[in-house]
Every structure is written in structure tokens, then in C-alpha cells.
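Topology and contacts: notes
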Amino acid sequence: MYDNNMAEYFKTYRRGLLKAYAAIVLCLLTIVALPAVMFFSFILFIYYHVNVQYLPFLIHLVKLSVLYFGLSFVIGIMLGTAMAARLKTKRLAVYSLTVIFMLLNTTFIDVPFRVPYLLFNSYPAERMLYYFKDFLTIVPYQLGSNFRIYPFYGFPMEPIRWILAGFWVLFPLTLILTKCFNRRTKKALLAASCLIVLLGVSLFSVRGSTLSMDMRVDSYPYADPFYYMDRPKENDSDYKTGFIIEEYKMDLTISNELHAVVEVAIDNHDLNSYDFTLYHGYTLTSVRTEDGEMPFTRADDYISIGGLNGADRLTFTYYGKSPKYYANRQAVALPGYFAYYPKPGRTNIWDLDRYGYVINTSPNESKYSVQVRSKLKVFCNLAGSGNSFHGKSNGVTLLAGMYDEVAENIYAEPMRSDLPKREYIDEAQELLVDIFKRLDRPVPELFSRIADKKFFQVPDSFALNSNTEDVVVMSDHITAIYCNNGPQLAESIMESIIKPQTDSLCMSHYRQYLKYLFNRQDETDPLFKNAVDLNLLLKEIDEMQLLTAKNSNVDRETYLNMNEQEKEAHSDNERRLSDLGQIVSEKAAKYLFYESPRQEENLRIFFNYFTAANETAYLELVERIVKEELGDDRS
């Protein structure tokens with residue numbers, strides 16, 4: 001239009017340029033209406049094809065169509081028209097901006113955005129880059145990224161995304177209109193555009209809890225593993241909390257993030273100091289007693305308070321978010337083992353050795369009174385309705401989103417194909433009772449009546465960055481990522497009981513142990529054609545121990561000082577050690593838990609080994625038992 005001076009021509013008519021732009025936008029809207037309607041129709045087809053019959057899912061899909069297959073097209077039109085109006089014939093600038101917008105709405109920038117962190121360990125620089133990107137992102141990262149879209153949360157459609165969509169429609173519109181009016185109206189439009197920018201940036205800066213699942217350091221899959229990587233682990237071997245919390249009164253408001261007022265009643269009022277654990281993502285604004293505010297110190301996840309001066313109740317006021325355990329207007333995922341409310345004592349949040357979150361439940365059952373202010377229907381392990389709950393437990397779980405009660409006391413995402421069933425839970429309980437009989441151990445009280453507990457199938461994204469949350473059994477409810485059948489559930493529960501040492505060989509043997517404990521061995525495997533040669537096994541164990549001791553003396557400096565021949569020999573040793581690890585693990589497990597005349601006793605010995613702290617190396621224990629059995633045979 002500006003190449004041929006058409007703009008000047010339109011200006012000769014009353015509102016001529018305004019009408020010309022209106023016609024252009026209208027034509028473009030008409031053109032993009034066709035693909036928008038096609039996408040919407042396709043979405044409806046998918047809904048009826050999967051035959052879920054879950055109304056919140058249909059509403060979610062309709063909103064998805066409007067936001068990402070409707071408004072995104074409108075935004076593209078408005079941005080293109082605004083650039084043409086403001087930059088006129090400067091095609092290079094227009095094309096450059098168009099390419100930048102396109103790239104910022106793809107996963108292409110994930111690699112260059114990692115450069116500041118990888119080269120300079122600059123976490124703030126990467127954060128600023130993503131902050132800028134997020135403001136310009138119209139289409140969510142899930143469309144085209146490697147991460148799945150999880151049914152519990154669905155597509156990200158938090159309020160901030162609708163606000164940004166509105167911003168990217170209104171801001172270009174004001175820029176276009178400034179070209180259509182003169183003087184006073186133009187000044188008013190410029191002021192309006194500045195106000196829109198200010199308002200948009202302000203709202204964006206307080207967007208709160210959102211689900212980020214891309215490559216950034218503070219996204220769901222990476223945030224906590226990175227955060228705790230270099231932080232010292234709390235040594236809790238000699239730590240004594242000194243008090244328990246008898247009662248919680250929790251007033252939770254879930255808006256853009258979690259806002260909480262939590263009152264706790266403490267049993268022991270005579271301590272000089274009290275420690276609590278609260279996830280570092282929550283900003284603590286005050287700690288009060290009935291006499292007023294209390295001074296406190298905060299260090300990462302830990303809060304320390306002095307003596308109570310006769311008070312027996314403390315009130316914590318805080319707000320904030322976690323990258324993984326989100327709470328916003330779209331969904332809530334706050335499991336009871338996570339410190340989203342103050343837990344007594346100092347406990348670790350993250351277990352670096354097991355690469356997972358610490359299952360942090362209270363040592364006692366507390367009395368809870370929980371009020372959740374949210375427009376979402378919240379599901380909780382406690383009794384109640386209307387987002388108001390009460391009862392006794394050792395942890396409070398709150399879940400909301402595309403989530404429902406799929407059977408009596410069983411909760412899950414209705415769209416998932418692997419829905420839990422009551423018969424699976426009953427079968428798991430029977431299996432566990434049988435296994436504990438074989439182990440000659442009483443069933444732990446926590447696991448004795450799992451069929452009577454509420455069952456919450458949590459989003460399977462919980463397994464994405466954690467090895468410890470497959471199944472968590474609490475005093476009145478269970479959270480599980482999967483519940484495909486009874487044996488799988490029983491085995492997952494047993495895994496939550498057995499906590500192996502962290503060396504790779506012990507972990508490997510622990511997997512083998514579970515396989516034989518649950519009779520999952522494949523007898524058609526060539527391994528089962530011949531009996532284990534115990535003398536050869538002992539030789540292989542000796543060789544493993546020799547190579548392990550030899551390699552343990554080689555640190556980085558020693559390795560760098562080796563000549564090429566020594567380095568090659570060291571590499572050969574490492575490869576042999578890796579091969580032996582697999583061989584010994586399989587042979588030892590097959591003999592001890594399958595061929596041995598004392599297999600049941602061996603299962604009991606290793607159950608004790610895996611569930612109690614001990615300093616005996618795993619290989620030493622295997623070697624000792626095998627030698628004892630050889631001695632028996634020879635006698």
C-alpha cells in the first residue's frame with residue numbers, strides 16, 4: 001500500500017485509511033477462518049472418537065481451539081498488519097521481526113538459550129532470555145516439543161495466556177490505529193498503547209505458578225534436580241525434631257499460585273527453638289502467635305523459630321509455587337508427602353542419591369481442617385465437600401484439574417487408558433500379605449489395609465524427574481503413578497519399602513531380588529538352562545572386588561598421568577568390571593533366590609539387608625552366603 005502511495009490516496013477520503021485497514025484485516029480474518037474452523041472440527045472429531053464422555057475435557061478442547069487455533073491466527077494478522085503500517089516499505093525489518101517471532105514460538109531457541117548457562121553457569125541470564133521469550137510466546141511449547149501433554153493439566157491455558165493473547169491483539173491494533181488518525185486522537189492512541197504495554201508486562205510479571213516443561217533450568221523436569229545438586233544434604237541421623245504437630249488449620253487460596261495461612265498446634269511448648277521444613281519456592285511473610293509476630297530465620301527449605309513464650313500455636317503466612325507441584329487456576333497437584341505446608345523438623349526435600357523427592361510424611365497423624373478457596377473442584381484424602389475438608393492423616397493431598405472419582409474412593413484422570421480398578425488394589429493386598437508370610441515378617445501397619453484407603457492416581461508426569469514417587473502409601477490414602485494390575489501395584493509398594501544402597505551393583509541386585517520375590521523370572525531365558533557354577537561365581541566375585549579396588553585408586557589426575565598403554569589397560573578393566581557386574585548380579589540372584597535349597601531364608605536375609613542400615617558390602621554378603629552353602633554341600 002505504501003509502495004504505490006495508496007495510503008496518501010486513502011487519506012483523501014474521510015476515514016479512508018481506517019476503512020482500508022479494516023478491509024485488509026477483515027479479508028485476512030476471513031481467510032484464516034477456514035483453517036480455524038477445520039482445526040475446531042478436527043478437535044471435536046477427536047473428542048468423539050476417543051469416546052471419553054468427560055465434559056471438562058470437551059470444554060478444555062473448545063478453549064484450546066479458541067486460544068490456539070483462533071486467537072493465534074488473529075494475533076498473526078494483527079502483528080503483520082501493524083508491522084506493515086508502522087515499518088511501511090522497510091521489508092528487511094518486517095521479515096526479520098517475523099522470523100524472530102516465529103523462532104521464539106518454536107523449540108529452536110532451546111539450544112542457543114542454554115549457552116549462557118553451559119558456558120558461564122549464568123542461571124540469571126538464561127532466566128531473562130526465557131522471560132523475554134515467554135512474553136512473546138503465543139503458541140505453547142507443547143505444540144512441537146519433545147514433552148508429552150499430560151491429561152491432568154492438558155494444554156497450558158492459565159489466565160496469563162489469555163491475557164497475553166489479548167495484549168497481542170490490542171497492542172498491534174493501537175499501533176495500526178495511530179496511522180489512521182491525526183493529532184489528538186493519535187496521541188490518545190499512543191498513550192493507550194503505552195498503558196497496554198505497562199499493564200501487560202505487569203500482569204505477566206505476577207503470572208505465578210505455570211507448568212514449564214521445556215529445556216530451561218527452572219522448568220519442571222530440571223528445576224529441583226539442578227537446585228539441590230550442589231547443596232549439602234541435611235544429615236538427619238542424629239537430628240531430633242523434639243515436637244510433633246497435633247493439629248493443622250489450613251486456609252489455602254489458589255489463584256495464580258498458592259497463598260496460604262496455616263495454623264499449627266504443637267505438643268511440646270518448652271523447647272528453645274523449633275525447626276520446620278517448607279519448600280523454598282514459598283515465600284514466608286510472617287510467623288505469628290496469638291501475642292504477635294515471631295522473628296524467624298529462613299535458609300532454603302528450613303525455618304527456625306525461637307521459644308514460644310507460652311504459646312502453643314503458630315500461624316504461618318506464605319505464598320509461592322513449585323515447578324513440579326503446581327497450584328493455579330488450571331490445576332492443582334499437591335501430594336501430601338511434599339512440604340507445601342510446614343512440616344515439623346528439618347528434612348531433605350530432594351534425595352540426590354536416589355534421584356527423587358524425599359517422601360516426607362508426618363511421623364504422626366495430625367488433625368486437619370483444610371479450606372481451599374478455588375473455582376476448581378478439589379479432591380482430597382480427607383472427608384468433606386465444597387473444597388472444605390477435615391480429618392486425621394499423616395499428610396494432606398490436594399488434586400484438581402481434569403480429574404475425577406472414577407470408582408468408589410478411586411480418583412484418576414478419566415481420559416487415561418490405564419485407570420485403576422478396585423480388584424487391582426485388592427489383589428495387591430493379597431499378594432503383599434502372602435509375601436510377608438514368606439518373609440516371616442508381619443505386614444507393616446501402614447500397608448496392612450491398603451484396600452481400605454483412598455487411592456489417587458497422580459499424573460504420570462510425576463515419574464519424569466523422580467524415582468521415588470511410583471507409589472506412596474500414607475496412613476489414609478495412596479498416591480500412585482501407575483496401577484495396571486495387582487502384581488504391578490504390589491511390587492511398586494514393595495519397592496517403596498525396600499530402599500537399597502545407592503551403588504549401582506546393589507541397585508542392580510535389588511531389581512533382581514524383586515524379580516524373584518514376585519516370581520517374575522523367565523524360565524525360557526538361556527540363563528535358566530544350566531545351574532550356576534558356584535566356584536566360578538566366587539572367582540568372578542573375587543575378580544570384581546580386585547578390579548573395583550584397582551579402579552578406585554585411579555582419580556582424574558592419576559588417569560591424566562598415565563601413558564597410552566596404561567589408559568588402554570584401565571579402559572579394559574572398566575569394561576570387564578561392567579560386564580562382571582551384570583553377570584554376577586544375574587548369577588547370584590538366580591542361585592540365591594531360585595536354585596538354593598535355602599532360597600526362602602536367602603529372601604529373608606536380603607529383605608533385612610535392603611530394609612536396614614548396614615555397612616556390609618553387597619558382594620561380601622553374597623560371597624559369605626555362597627561359601628556357607630558350599631560348605632554345607634561339601635559336608
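Below you will find a few notes about this structure. All chains use their own residue numbering, which begins from 1 and follows the written sequence. With pLDDT at 70 or above as the cut-off, local features in this predicted model cover only qualifying residues; side-chain atom pairs require 80 or more to be listed or tallied, and sums for whole chains, interfaces and linings still use all residues. Neither water nor hydrogens contribute to the side-chain values; these are computed over all heavy atoms in the structure.

1. Details of the overall build of the protein
Helix and strand content of the protein: 17 helices and 22 strands. Seen through its C-alpha atoms, the protein measures out along the principal axes to roughly 115 × 70 × 55 Å. Per-residue accessibility, obtained with a 1.4 Å probe over protein chains only, is compared with the maximum for each type, and a residue is labelled buried under 20%, exposed over 50%, and partly exposed between these values. Among the 635 residues that make up the protein, the fraction classed as buried is 47%. Residue contacts are defined here by distance: any two heavy atoms, one from each residue, within 4.5 Å place the two residues in contact. Sequence separation of 24 or more characterises 68% of the internal contacts of the protein that already satisfy a separation of 6 or more. Accessible surface is estimated by sampling points in the Shrake-Rupley manner with a 1.4 Å probe; for residues, cover comes only from the protein chains shown. Counting every atom, the protein has about 31600 Å² of accessible surface; 56% of that belongs to carbon and sulfur. Counted as positive: Lys and Arg. Counted as negative: Asp and Glu, with His and the chain ends omitted from the count. Each charge is placed at NZ for Lys, CZ for Arg, CG for Asp and CD for Glu. Once the 66 positive and 76 negative side-chain charges of the protein are each reduced to a mean point, those two points are 14 Å apart. Strands here mean DSSP runs of E at least two residues long; helices mean DSSP runs of H or I at least four residues long; both are numbered from the N terminus.

2. Some thoughts on unusual backbone geometry
Of note, the phi angle at Y355 is positive, near 50 degrees, even though the residue is not glycine. In this structure, Y355 sits in the loop between strand 11 (350–351) and strand 12 (356–357). Positive phi is not limited to glycine here, since N409 has a value of about 60 degrees. Along the chain, N409 turns up in the loop between strand 18 (404–407) and strand 19 (410–412).

3. Considerations on the pattern of salt bridges
Pairing is possible between side chains that carry opposite charge, provided their charged atoms lie close to one another. A carboxyl oxygen of Asp or Glu within 4 Å of a side-chain nitrogen of Lys or Arg is what we treat as a salt bridge. Taken as a whole, this structure holds 24 salt bridges when the rule is applied. R373 is the salt-bridge partner of D251, the closest N and O atoms lying 3.0 Å from each other. With D251 in strand 1 (residues 245–254) and R373 in strand 13 (residues 366–373), this pair connects stretches of sequence that are 122 residues apart. Residue R373 is classed as partly exposed on the basis of its relative accessible area, which comes to 45%. Measuring nitrogen to oxygen at the nearest pair gives 2.7 Å for the salt bridge that ties K324 to E469. Of this pair, K324 sits in the loop between strand 8 (313–320) and strand 9 (332–334) while E469 sits in the loop between strand 20 (454–457) and strand 21 (471–473), and the two are 145 residues apart along the sequence. Both residues of the pair, K324 and E469, count as buried. Here the salt bridges do not stand alone but share partners, grouping D134, R207, D214 and R216 into one network.

4. Re the sheet that holds strand 7 (residues 302–306)
At least two bridges found by DSSP between two strands is the condition for calling them paired. Judged by pairing direction, the sheet is antiparallel, and its 4 strands sit side by side in the order 6-7-3-10 without closing on themselves. One side of each edge strand has no neighbouring strand; the edge strands of this open sheet are strand 6 (296–299) and strand 10 (343–344).

5. Comments concerning the pairing of strand 3 (residues 273–277)
With 4 of 5 residues buried, strand 3 lies mostly within the body of the structure. Pairing between strand 3 and strand 10: 2 bridges, direction antiparallel. Bridge pairing in strand 10 links F276 to P344.

6. Quick look at the sheet that holds strand 15 (residues 383–385)
Strand order in the open sheet formed by 8 strands is 5-4-8-2-1-13-16-15, and the pairing between neighbours is mixed. Two strands in the sheet have a free side with no partner beyond their single neighbour: strand 5 (292–293) and strand 15.

7. Structural notes on helix 2 (residues 16–50)
One less than the number of residues in a helix, times 1.5 Å, gives the span that helix is expected to have. Over its 35 residues, helix 2 runs 51 Å from end to end, which matches the ideal 51 Å to within 8%, given 1.5 Å per residue. The largest bend in helix 2 comes to about 30 degrees, at A33, with the proline P35 one to four residues further on. Those residues of helix 2 that are buried are in contact with helix 1 (6–11), helix 3 (55–87) and helix 7 (159–178). A positive backbone phi angle near 55 degrees is found at N51, which sits one or two residues after helix 2. The quantity called bend is, for any residue, the angle between two axes fitted respectively to the seven residues ending at it and the seven beginning at it.

8. Observations regarding a negative patch on the surface
Residues enter a patch when their relative accessible area is above 30% and they make no salt bridge; the linking distance is 9 Å between like charges and 5 Å between nonpolar side chains (Val, Leu, Ile, Met, Phe, Trp, Tyr). Together, E246, D267, E290, D291 and D312 make up a negatively charged patch on the protein surface. With respect to the helices, strands and loops of the structure, E290 is situated in the loop between strand 4 (282–289) and strand 5. The exposure class assigned to E290 is exposed, which follows from its relative accessible area of 55%.

9. Some words on a nonpolar patch on the surface
A cluster of nonpolar side chains, namely F42, F45, I46 and V50, defines an oily patch on the protein surface of about 370 Å² accessible area. One can find F42 in helix 2.

10. Brief notes about the environment of Y47
By the secondary structure assignment, Y47 is in helix 2. A sequence separation of 14 residues divides Y47 from L61, and the C-alpha atoms of the two residues are 8.1 Å apart. Among residues more than four places away in sequence, those in contact with Y47 are V52, Q53, Y54, L55, F57, L58 and L61.

11. Digging into the packing of helix 15 (residues 564–595) against helix 16 (residues 599–611)
Structural elements are reduced to axes, namely lines fitted to C-alpha atoms, with helices fitted over the stretch in contact, and the angle between N-to-C directions of any two is expressed from 0 to 180 degrees. Contact geometry for helix 15 and helix 16: axes closest at 6 Å, N-to-C directions at 120 degrees. Between helix 15 and helix 16, the crossing angle belongs to the class labelled oblique. Touching L592, F593 and Y594 of helix 15 are Q599, N602, L603 and F606, all from helix 16. Each residue receives one of three labels: charged for Asp, Glu, Lys and Arg, nonpolar for Ala, Val, Leu, Ile, Met, Phe, Trp, Tyr, Cys and Pro, and polar for the others, Gly being one of them. In terms of residue class, the contact of helix 15 with helix 16 is made up of 5 nonpolar, 2 polar and no charged. Relative orientations are named as follows: roughly parallel for angles under 35 degrees, roughly antiparallel for angles over 145 degrees, roughly perpendicular for angles from 65 to 115 degrees, and oblique for any other angle.

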